Amino acid sequence: MQMAHLLSPVLWFLALVLFLLIVVAPSAGAGIVEDNAFVVSLHELKFGADEFGFSSSTSAPQRPKTQKGATILELRHHSTLFKHKRHQNLLKMDEARATSIQAQIKNYNKFEEKKEFLPEAAQLPLSSGVKLQTLNYVTTITIGSTNTTVIVDTGSDLTWVQCTPCAACYTQQDPLFNPSSSPTYLSVPCNSTTCTTSLQAATGISGSCSQDRNSCFYALGYGDGSYTRGILAQETIALGDVQVPNFIFGCGRSNRGLFGGTSGLMGLGRTQLSLVSQTTDQFGGVFSYCLPTKLYNSSGSLVFGNDTSAFKNATPVSYTRMIADPTLAPFYFLNITGASVGGIPINASGFANGKILIDSGTVITRLPPSIYKSLKAEFVAQFSAYPSASGFSILDTCFNLSGYDEVRVPTLKLEFEGDVDVSVDVSGILYFVKKDGSQVCLALASLSYEDQVGIIGNYQQKNQRVVYDTVGSRLGFAKEPCSYS
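Residues numbered from 1 in each chain as written. Predicted model: local features only at pLDDT ≥ 70, side-chain atom pairs only at ≥ 80, totals over all residues. Heavy atoms only, no water.

**Q** Hey, could you go over the sheet that holds strand β26 (residues 430-432) for me, with residue numbers and the actual values?
**A** What the four strands build is an open sheet, ordered β21-β22-β27-β26; its pairing is antiparallel. Taken across any chain shown, the strands that pair with only one partner, and hence form the sheet edges, are β21 (388-389) and β26. In this structure, strand β22 (residues 398-399) lies alongside strand β27 (residues 440-442), joined through two bridges in antiparallel fashion. The partner of Phe-399 across the bridge, within β27, is Val-440. (Pairing = 2+ DSSP bridges. Helix = DSSP H or I, 4+ residues; strand = E, 2+ residues; numbered from the N terminus.)

See below:
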């Protein structure tokens, strides 16, 4: 009897521990970290049927919020046309954007060397996230009194929407913005510095004058042949409850390209015409986002302002230096100093010159050949238990996981100047080409040449709070389960 009384508390304790393990511990699908690897359910990791382009509906946009001076907007995947496009086309578009970025950097470097402005460099199209129509992120703002859904792009400066009267507009979900119905709408004069200097810095091309010289015309092209043309104007916009008067934007009268059903684009770059620069008085030049992992029925957040209580980060925000390069606006640069796969450090010569840009409009991260080659070799060595598959488009390291219910995915960590470590979410390590798992690829790609600048794409930024402090010239990262509630 005494023995029974002694064992009873022990048994109750064991039962409690078992209960906590079952109820509280995350499921395999959430990605349990075990010995520098994610043990994850393949069913949870891959795109489900409702996320693979077969869903006929998406959730309605949620209302923006204001919290202690910060404005919080819902950030959603722009996936309305995903069911009509193949992965091949998506990755080709991604490659076009990355190639265009490299070309722009190369031509700006020529400008620096020659100390003169090259006309061809000025007119070089800036490849934007708009051409990645289904793998971009969108949010809803108000221009005048019209709600508009726009693509969020850190690689562009000019914010623009389609306007009436429209000579050539694509089909969009929201009503077109009608300048004649807004008492706060004004055209930007063609003789203003905004029409010349500011617009040229933002788009590469200065504005032109209307016949009556009262309006400034803009023209902006993108790397895939998409474009927007119209009148540079100013209007009151609303980001949540925060009103921004006299906001300079493009009122698009002729627009064509892969913009999907959005109204236009939000430019979050670094020149004077970007939304970030124009709202410095309200938000201190700080914005951040958290990108959700799923295409459908999930959303992240876009936060303007530096109120960290608006975040839901699970780890403190760690900041690295933002490299100042005024000749390469609108891009954001930082220094990558190292990487590891499954806890094993990657040795590569490319880290010696680790300048890399971070971009919300590029999908797949591009690395210098030396870094990619070493990282790929280590990943393949640790993932050798799974059969290989043929490469796909820009992704050359693929596997056949169709015969597995659960896989062990090595962790991937990127290291930046200032001892800042960023652990890539498991959803950003593998790219499912085929729904059945017979072709699943390492979601990284190599640049063509060692001297090209690497790009951190949005696929590797998921479930991270990424903070852009343009005034403090720093960029922060923190783990965060991305959601909007």
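Next comes the rest of the account.
**Q** How would you explain the nonpolar core if you had to name every residue and give the values?
**A** Buried together is how nonpolar side chains tend to be arranged in soluble globular proteins. Phe-249, Leu-302, Phe-304, Val-409 and Phe-416 are the most contacted members of the largest nonpolar core, which totals 74 residues. Other than its neighbours up to four places away in sequence, Leu-302 contacts Thr-71, Ile-72, Leu-73, Leu-75, Thr-139, Val-152, Met-266, Leu-268, Phe-287, Ser-288 and Tyr-289. Judged by nonpolar contacts, the second largest core, of 17 residues, contains Tyr-170, Ala-202, Tyr-218 and Leu-232. (Core = buried A, V, L, I, M, F, W, Y, C linked by side-chain atoms within 4.5 Å. Buried < 20%, exposed > 50% of the residue type's maximum accessible area, 1.4 Å probe, protein only. Contact = heavy atoms within 4.5 Å.)

**Q** Give me helix α8 (residues 369-382): which residues, what numbers.
**A** Look at α8: 20 Å from first C-alpha to last across 14 residues, which is about the 20 Å you get at 1.5 Å a residue. Among the residues of α8, those classed as buried are Ser-370, Ile-371, Tyr-372, Leu-375 and Phe-379. (Expected span 1.5 Å × (residues − 1).)

**Q** Tell me what's going on with the UniProt feature "active site" (unreviewed entry) in the protein, and back it up with residues and numbers.
**A** Per the UniProt entry, the sites bearing "active site" (unreviewed entry) are Asp-153 and Asp-359 in this numbering. A maximum C-alpha distance of 7.6 Å is found for the annotated residues, which run over 207 residues; spatially they form one tight group. You can see Asp-153 is positioned in strand β6 (residues 146-153). By relative accessible area, which is 0% here, Asp-153 ends up buried. Side-chain polar atoms of Asp-153 contact the backbone nitrogen of Gly-155, separated by 2.9 Å. With respect to the helices and strands, the residue Asp-359 is situated in the loop between β19 (355-358) and β20 (365-367). The exposure class assigned to Asp-359 is buried, which follows from its relative accessible area of 1%. Leave out the neighbours within four places in its chain, and Asp-359 touches Arg-97, Ile-101, Asp-153, Thr-154, Gly-155, Ile-455, Ile-456, Gly-457, Asn-458 and Gln-461. (UniProt positions renumbered as here; feature names shortened; annotations may be inferred. Polar contact = N/O pair within 3.5 Å; in protein donor to acceptor, adjacent residues only side chain to side chain.)

**Q** So what's going on with the pairing of β19? Residues and values would help.
**A** Examined bridge by bridge, strand β17 (residues 332-341) and β19 share four bridges and lie antiparallel to one another. From the neighbouring strand, Leu-334 faces β19, where its bridge partner is Ile-356.

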